[in-house]
Amino acid sequence: MLTKIKKKVQSWLAKEAEILHKVGFTPNKVSLTGLIFALLSAAAYATWNVYHPAALLLAAVLLLLSGFCDAIDGVIARIYGETTAFGGFLDSLFDRYADAIIIAGIMIGGLCQTFWGLLALTGSLLVSYARARAEAAGIRMETVGLAERAERILIYVAATLIATFCSPKNAIETMNIATIIVAVVTNITVIQRLIYFYNAVKQ
């Protein structure tokens, strides 16, 4: 859903891309930086009960930074002609690691029930897998479905910011609700992509 908006946002990031490129950031370096931000965010989620509420606020900021890197690495690649097959593969690979790490951090921190955490993790990975398999067969899948990566990041960031101002008990409830939402919408997205692919190939 937000992929269309993401493309508009990317067009506004030319100046930031120019600054990062001048200081030596290549698309692959930005992708790696995004993964590092995701790792740090996951660590903040995992240790939130020690440093609450500061850890949750930090987790949200780091997750936003990871999402920013995900948006701007492609901008740098396109503006400076550094788009490569390997770079696209690496970016996709790092994004999947980031998705898994974030949800794992939330689960380790006890911020969601295990069942919903695993369902959210499975759905998140299968959303990307469904797109990869479809596009390998020549069917474009971008923008198809309720929840791509941008939506998932925004759901968790919004919930985390709310949880920052809650008691520990309510913080857990808030994050668990966010995880339930992610679990539901990602798996709905997988079904939407399955139906879309079926309709595309049967014609």
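Note that this is a predicted model, so its numbers are computed, not measured.

**Student:** What am I meant to see in the confidence of the model for the protein here?
**Tutor:** In low-pLDDT regions, the fine details of the predicted coordinates are not to be read closely. Looking at the protein as a whole, the pLDDT averages 92, with 94% of positions reaching at least 70. Averaged over each element, pLDDT in the protein is lowest for helix α1 (residues 3-12) (61) and highest for helix α3 (residues 27-46) (97).

**Student:** How should the nonpolar core be read in this particular structure?
**Tutor:** Counting 31 residues, the largest nonpolar core has Tyr-45, Ile-106, Tyr-156 and Met-175 as its most contacted members. Per element, the largest residue contribution to this core is six residues, and it comes from helix α6 (residues 85-108). Among all residues touching Tyr-156, those that are not within four sequence positions of it are Tyr-45, Leu-63, Ile-103, Ile-106, Ala-120, Met-175, Ala-178, Thr-179 and Val-182. Core analysis: the next-biggest nonpolar cluster, separate from the first, contains eight residues, Cys-69, Ala-71, Ile-72 and Ile-76 among them.

**Student:** Quick question: what am I supposed to make of α6 here?
**Tutor:** Because an α-helix completes one turn every 3.6 residues, residues spaced three or four positions apart along the sequence face the same direction. Between its terminal C-alpha atoms α6 stretches 35 Å, which fits the 34 Å expected from 24 residues at 1.5 Å a residue. Buried residues of α6: Gly-87, Leu-90, Asp-91, Phe-94, Asp-95, Arg-96, Ala-98, Asp-99, Ile-102, Ile-103, Gly-105 and Ile-106, and no others. Looking at the buried positions of α6, the neighbouring elements they touch are α3, α5 (54-79), α7 (114-136), α8 (149-164) and α9 (168-202). Where α6 terminates, the next one or two residues include Gly-110, which has phi positive at roughly 70°.

**Student:** I would appreciate a short explanation of empty space enclosed by the protein in the present structure.
**Tutor:** Any empty space left between the atoms is revealed when a probe the size of a water molecule rolls over them. What the rule picks out here adds up to two cavities of 30 Å³ or more. Put simply, the parts of the chain that give the lining of the largest cavity at least two residues each are α6 and α8. Split by residue class, the lining of the largest cavity holds seven nonpolar, one polar and three charged. Approximately 60 Å³ is the volume attributed to the second largest cavity. Around the second largest cavity, the lining residues are Ser-31, Gly-34, Leu-35, Ser-66, Cys-69, Asp-70, Asp-73, Asp-91, Phe-94, Asp-95, Ala-98 and Arg-149.

**Student:** For this particular structure, what's the right way to read a nonpolar patch on the surface?
**Tutor:** A surface patch of nonpolar side chains, about 290 Å² in accessible area, is lined by Leu-57, Val-61, Leu-65 and Leu-161. Looking at which element gives the most residues to the nonpolar patch, the answer is α5, with three residues.

**Student:** When you look at the state of the cysteines in this model, what are you seeing that I'm missing?
**Tutor:** Two cysteines, two sulfur atoms, one covalent bond between them: this is a disulfide. Taken as a whole and judged by the stated rule, the model has zero disulfides. Between Cys-166, a free cysteine, and Cys-112, which holds the nearest cysteine sulfur, the sulfur-to-sulfur gap is 16 Å.

**Student:** Sorry, what's going on with unusual backbone geometry here?
**Tutor:** Residues His-52 and Pro-53 are joined by a peptide bond in cis, for which omega reads 0°. Looking at the secondary structure, you find Pro-53 in the loop between α4 (48-51) and α5.

Rules used throughout
- Residues numbered from 1 in each chain as written.
- Predicted model: local features only at pLDDT ≥ 70, side-chain atom pairs only at ≥ 80, totals over all residues.
- Heavy atoms only, no water.
- pLDDT = per-residue confidence, 0-100.
- Helix = DSSP H or I, 4+ residues; strand = E, 2+ residues; numbered from the N terminus.
- Core = buried A, V, L, I, M, F, W, Y, C linked by side-chain atoms within 4.5 Å.
- Buried < 20%, exposed > 50% of the residue type's maximum accessible area, 1.4 Å probe, protein only.
- Contact = heavy atoms within 4.5 Å.
- Expected span 1.5 Å × (residues − 1).
- 1 Å grid on protein atoms, 1.4 Å probe; cavity = no way out; pocket = protein on both sides within 12 Å on 5 of 7 lines; lining within 4 Å.
- Points joined across faces, edges and corners; volume = space filled by probe spheres on them.
- Nonpolar A, V, L, I, M, F, W, Y, C, P; charged D, E, K, R; others polar.
- Patch = residues over 30% accessible without salt bridge, like charges linked within 9 Å, V, L, I, M, F, W, Y side chains within 5 Å.
- Areas by Shrake-Rupley, 256 points an atom, 1.4 Å probe, with all protein chains shown as cover.
- Salt bridge = Lys/Arg side-chain N within 4 Å of Asp/Glu carboxyl O.
- Disulfide = S-S within 2.5 Å.

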